[in-house]
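So you can see what is in the structure, the chains are spelled out below.
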Amino acid sequence: MSLLRLVGRPMLASMFVAGGMNTLRAPERVAPVAEPVVQPVTERVDALPDRTEQVVRLNGAVQVVAGLLLGSGRLPRPAALAIAATLVPTTLAGHRFWEADDPDERAQQKIHFLKNLSMLGGLLIAADDTAGAPSLAWRGRHAAHDLRREAHLVSRSMRATARPAAAVGGVKAKLSR
């Protein structure tokens with residue numbers, strides 16, 4: 001693992017572990033702010049709990065577990081995707097700058113919104129990072145390319161050896177008459 005990954009993943013994950021722990025400990029502080037985003041989602045997704053506090057606590061738990069996985073380098077790609085999935089509703093619920101009336105509050109919420117948007121970009125990059133190893137799609141494309149090349153070489157080899165063999169067979173047939 002490169003030094004950048006070794007240092008960068010825990011740095012990226014730290015905010016989610018800390019924030020998720022806070023949410024797990026006191027979901028009632030976040031639940032009123034999350035209500036406008038949670039309710040429409042829970043109405044559409046039956047697997048989610050009905051109470052906002054439970055959904056907020058679940059969101060925090062996912063952030064803690066996925067943050068620890070990302071930070072430790074274990075399953076970093078799925079962990080980054082899981083955190084990214086939790087970050088979207090968190091950002092939409094917590095940083096609705098477009099609804100703030102006070103210019104100072106609007107500016108602060110916009111900064112936090114853009115910060116979360118930046119972290120979402122980092123998580124998407126981390127989710128795509130194969131750590132220098134080629135992806136399965138790349139391996140599949142190159143394996144198919146290698147097979148086509150090998151088949152072409154075998155075909156050329158067969159044609160190259162078949163012509164002289166046919167000529168020898170023709171000569172043998174003429175001599176045996």
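This text goes with the structure placed above it.
Structure report, in brief. (Residues numbered from 1 in each chain as written. Predicted model: local features only at pLDDT ≥ 70, side-chain atom pairs only at ≥ 80, totals over all residues. Heavy atoms only, no water.)

**What to know about the overall build of the protein chain**
In step 1: Helix and strand counts for the protein chain stand at 6 helices and 0 strands.
In step 2: Taken over C-alpha atoms, the radius of gyration comes to 29 Å for the protein chain, far larger than the 16 Å a tight globule of 177 residues would show.
In step 3: In terms of overall dimensions, the protein chain has a C-alpha envelope of 105 × 40 × 30 Å along the principal axes.
In step 4: Of the contacts made within the protein chain by residues no fewer than 6 positions apart, 63% connect residues no fewer than 24 positions apart.
In step 5: Surface accessibility of the protein chain: about 11,900 Å² in total, with carbon and sulfur atoms responsible for 64%. (Helix = DSSP H or I, 4+ residues; strand = E, 2+ residues; numbered from the N terminus. Rg over C-alpha atoms; globule rule 2.2 N^0.38 Å. Contact = heavy atoms within 4.5 Å. Areas by Shrake-Rupley, 256 points an atom, 1.4 Å probe, with all protein chains shown as cover.)

**Considering the side chain of N116**
In step 1: Relative to the elements of secondary structure, N116 occurs in helix α5 (residues 103–128).
In step 2: The class for N116 is buried, based on a relative accessible area of 4%.
In step 3: For N116, the side chain forms a polar contact with the side chain of T91, separated by 2.9 Å.
In step 4: Those residues in contact with N116, other than ones at most four positions away along the chain, are L87, T91 and H95. (Buried < 20%, exposed > 50% of the residue type's maximum accessible area, 1.4 Å probe, protein only. Polar contact = N/O pair within 3.5 Å; in protein donor to acceptor, adjacent residues only side chain to side chain.)

**Overview of the packing of helix α1 (residues 3–25) against α5**
In step 1: One can describe the packing of α1 onto α5 by two numbers: an axis separation of 11 Å at closest approach and a directional angle of 125°. Classed by the angle they form, the pair α1 and α5 counts as oblique. You can see that α1 and α5 cross each other, and the crossing is left-handed. Here α1 contributes L12, M15 and F16 to the contact with α5, which in turn contributes K115, M119, G122, L123 and A126.
In step 2: The residue inventory of the contact of α1 with α5, partitioned by class, reads 6 nonpolar, 1 polar and 1 charged. (Axes fitted to C-alpha atoms, helices over the stretch in contact; angles between N-to-C directions. Parallel < 35°, antiparallel > 145°, perpendicular 65-115°, else oblique. Left-handed = near helix turned anticlockwise from the far one by under 90°. Nonpolar A, V, L, I, M, F, W, Y, C, P; charged D, E, K, R; others polar.)

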